[in-house]
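Observations on chain architecture
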Amino acid sequence: SCTPVGPTRGRQGQPFSLELQLANSDPAAAGNLEVELQFPRGAAPDSISAPGWSTSGDGTRWMLRRAMLGPTGSTAIRVHWYSAPELSWIEPVVHWSSDSSATESLPVAISLAPSYSSWSSDLAEAEETADPDGDGRVNLLEYALGSDPHNPAITSTQPPAPRFTIEDGFAVFRHPERSDKDDRGLTYTAEWSTELAAGSWSSSPPPGLTSTASSHDPAIPGFVERTLRWPITSTHRFIRLDVEESP
């Protein structure tokens, strides 16, 4: 049998490895094993490694051969992309056979979420900290908040900019958030300070804070609105939003 044992979800433009496990469930050894991996055009991996196997091929078709796999034994095959393609899905097919078994096949579905690197691939200034339109929002913030890195204006089809208001004795901070932030590896962290001094910022929330997410009105595909609300007290507080993308 052949089973994916590693992740089948990754991010476009990021390194990604698919781990497969080939197991011999018979009480007798399996001889002359062959494994063929076929990948769609435009989705070929950069390398395939499998200890104890002879590997040949490249591009969309790879062949692996092994003389013997012991009774109830198993072996691992690692498929690696240095930079996952800008596709929503990769669907390779694995075929395997041995002297004692007919050819079997397993389709594998790998989902790839967008990433900052795929979003910024066409930008002349692609660094996360670059600010091509000079609006004070660096590229990573433009990506996370759904704005245009080349236009400081916010259009009606984009999420509204982060904003702070006072409502009925509460301080309220609202900002857009990608609804698939976990798949994209994005974290949005509110930080507070009472003095704006370097090193004074903390993610510890003020007393009574609530955090909710809801759809924009009208709805904006791919985004929700995060609302942070806390009671106003005599303590003055400043708030900022920190956005990071995990590797």
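Now for a description of the structure that goes with this document.

Conventions used here
- Residues numbered from 1 in each chain as written.
- Predicted model: local features only at pLDDT ≥ 70, side-chain atom pairs only at ≥ 80, totals over all residues.
- Heavy atoms only, no water.
- Pairing = 2+ DSSP bridges.
- Helix = DSSP H or I, 4+ residues; strand = E, 2+ residues; numbered from the N terminus.
- Axes fitted to C-alpha atoms, helices over the stretch in contact; angles between N-to-C directions.
- Phe/Tyr/Trp six-rings, centres within 6.5 Å; stacked < 30°, edge-to-face > 60°.
- Lys NZ or Arg CZ within 6 Å of the ring centre and 35° of its normal.
- Buried < 20%, exposed > 50% of the residue type's maximum accessible area, 1.4 Å probe, protein only.
- Polar contact = N/O pair within 3.5 Å; in protein donor to acceptor, adjacent residues only side chain to side chain.
- Contact = heavy atoms within 4.5 Å.

**Some details on the sheet that holds strand 4 (residues 30–38)**
One key point about sheets: their strands pair by backbone hydrogen bonds, in either a parallel or an antiparallel sense. Strand order in the open sheet formed by five strands is 6-7-4-10-11, with antiparallel pairing between adjacent strands. The strands lining the two open edges of the sheet, one partner per strand, are strand 6 (54–58) and strand 11 (101–107). Neighbour to neighbour, the strand axes of the sheet diverge by 15 degrees on average, direction disregarded. For strand 4 and strand 7 (residues 61–69), the ladder comprises eight bridges, and the chain directions are antiparallel. When the sheet's bridge partners are listed, Leu 37 is paired in strand 7 with Trp 62.

**Regarding the packing of aromatic side chains**
Per the counting criterion, the structure on display carries seven aromatic pairs. Measuring from ring centre to ring centre gives 6.2 Å for Phe 164 and Trp 230, while their planes differ by 45 degrees; the resulting arrangement is tilted. Here Phe 164, found in strand 13 (residues 163–167), pairs with Trp 230, found in strand 17 (residues 223–231); they are 66 residues apart in sequence, far enough to count as distant. Between Arg 178 and the ring centre of Tyr 143, over which it is positioned, the NZ or CZ distance is 4.7 Å.

**A closer look at the side chain of Ser 98**
For Ser 98, the position within the fold is in strand 10 (residues 93–98). By relative accessible area, Ser 98 is classed as buried at 13%. Of the polar contacts made by the side chain of Ser 98, one reaches the side chain of Ser 101; its length is 2.9 Å. The contacts of Ser 98, once residues within four sequence positions are left out, are Ala 30, Gly 31, Asn 32 and Leu 33.

**Some details on the environment of Val 172**
As for its position among the elements, Val 172 is in strand 14 (residues 170–178). In the structure, Val 172 is positioned 60 residues away from Ile 232 in sequence and 9.6 Å away in space, judged by C-alpha atoms. Residues within four places of Val 172 in sequence aside, it is in contact with Arg 163, Phe 164, Thr 165, Glu 167, Thr 227, Leu 228 and Arg 229.

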